[in-house]
Amino acid sequence: MANNLLAGKKGIIFGALDEKSIAWKTALACHAQGAQIVLSNAPVALRMGEINKLSELIGAPVIGADVTNMDDLKKLFEESMAHFGGKVDFVLHSIGMGINVRKGKHYTELNYEWHQKTLDISATSLHRVLRTAWELDALSEWGSVVALSYIAAQRVFPDYNEMADAKALLESTARSFGYHYGVRNKVRVNTISQSPTRTTAGSGVKGFDAFVDYAEKMSPLGNALAEDCANYCVFMFSDLSRYITMQNLFHDGGFSYTGVSQAIVDTMMPSGDE
């Protein structure tokens with residue numbers, strides 16, 4: 001339902017790879033609610049993905065940026081402000097890459113060089129984005145920044161591997177920078193801890209289908225879909241969420257506060273037991 005929640009607002013969305021991406025669906029949802037968008041992703045992702053299709057759908061320019069490169073980020077914000085004719089109102093950080101995960105390294109045998117790259121891409125990049133915006137005074141007063149996280153930042157999911165470390169750092173960065181940006185300019189910085197979602201990136205985690213099935217059985221409402229996460233992002237970018245900041249917000253159908261569900265008990269109970 002389009003009701004112009006983001007009418008007049010302008011935002012940068014990182015990480016739209018293909019139609020399965022939460023960032024892709026968020027861009028569509030923001031556009032439907034009246035926002036103007038700039039799309040960004042790493043140069044390799046721009047070559048591999050379908051972002052130009054999304055660009056045409058919503059009339060959004062694509063400005064490539066390596067989020068580990070401060071010069072790229074400066075160029076992105078400067079060109080975005082020139083395109084918008086003013087400051088940026090919201091940013092979605094939907095960025096992650098687990099290099100040890102992709103290369104099949106177990107958590108107990110991490111290649112630390114790869115691990116540092118994982119942290120830089122998946123978490124420190126949020127600090128870089130916020131610092132760049134801070135130094136350029138690029139975010140509007142009462143602006144909103146959202147980064148996508150996962151509950152592995154708080155709980156152990158063995159095959160999520162080093163990405164759990166990255167998400168924990170991501171959430172800490174949102175809190176710490178959120179404090180400073182709130183004091184300075186009323187900018188809100190939050191993370192959304194989403195249900196396991198069948199995206200191209202998520203599907204690369206070993207045992208991902210089991211993650212999804214388990215979470216579905218554990219969650220009273222079932223897993224939150226990517227489209228619903230997009231709508232939550234719209235709310236977080238809107239003026240309706242003005243006093244929410246420095247939070248990790250669970251968007252997971254109740255998974256995060258369920259100890260055990262009847263559905264899980266039933267799968268473990270021998271046939272005939274009551």
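The structure this text deals with has already been given above.
Everything numeric in this text was worked out from a predicted model, so none of it was measured.

Asks: Would you take a moment to explain the packing of aromatic side chains for this structure?
Replies: The description of two aromatic rings rests on the distance between their centres and on the angle between their planes. Overall, the coordinates contain 13 aromatic pairs when judged by the stated rule. With a centroid separation of 4.4 Å and an interplanar angle of 20°, the aromatic rings of Phe90 and Phe237 are classed as stacked. On the criterion of sequence distance, the pair formed by Phe90 in strand β3 (residues 88-93) and Phe237 in helix α9 (residues 226-237) is long-range, its members being 147 residues apart. Of the two residues, Phe90 and Phe237, both sit in the buried class. Measuring from ring centre to ring centre gives 5.8 Å for Trp134 and Phe177, while their planes differ by 70°; the resulting arrangement is edge-to-face. With a gap of 43 residues between them, Trp134 in helix α6 (residues 112-136) and Phe177 in helix α7 (residues 163-185) connect regions that are remote in the sequence. With relative accessibility at 28%, the residue Trp134 sits in the partly exposed group. An aromatic cluster of three or more residues is present, and its members are Tyr150, Phe157, Tyr160, Phe211, Tyr214 and Phe255. Lys103 extends its terminal NZ or CZ atom over the ring of Trp114, reaching a point 5.1 Å from the ring centre. The ring of Trp134 has Arg184 lying over it, and the distance from NZ or CZ to the ring centre is 4.2 Å.

Asks: For this particular structure, what's the right way to read helix α1 (residues 22-32)?
Replies: Along an α-helix, residues three or four positions apart point the same way, because every turn accommodates 3.6 residues. Counting buried positions along α1 gives eight out of 11 residues, so the element sits mostly inside the fold. Looking only at α1, the buried set comprises Ile22, Ala23, Trp24, Lys25, Thr26, Ala27, Ala29 and Cys30.

Asks: Can you help me understand helix α4 (residues 70-84) in this one?
Replies: Between its first and last C-alpha, α4 extends 21 Å over 15 residues, near the 21 Å set by a 1.5 Å rise per residue. All of the buried residues along α4 are Leu73, Leu76, Phe77, Ser80, Met81 and Phe84. Taken around the axis of α4, the buried residues stretch over an arc of 120°, which confines them to a single face. Those residues of α4 that are exposed and aimed more than 90 degrees away from the buried face are Asp71 and Ala82.

Thresholds, definitions, all that
- Residues numbered from 1 in each chain as written.
- Predicted model: local features only at pLDDT ≥ 70, side-chain atom pairs only at ≥ 80, totals over all residues.
- Heavy atoms only, no water.
- Phe/Tyr/Trp six-rings, centres within 6.5 Å; stacked < 30°, edge-to-face > 60°.
- Helix = DSSP H or I, 4+ residues; strand = E, 2+ residues; numbered from the N terminus.
- Buried < 20%, exposed > 50% of the residue type's maximum accessible area, 1.4 Å probe, protein only.
- Lys NZ or Arg CZ within 6 Å of the ring centre and 35° of its normal.
- Expected span 1.5 Å × (residues − 1).
- Arc of directions from axis to C-beta.

By themselves, these observations are geometric and do not establish any function.
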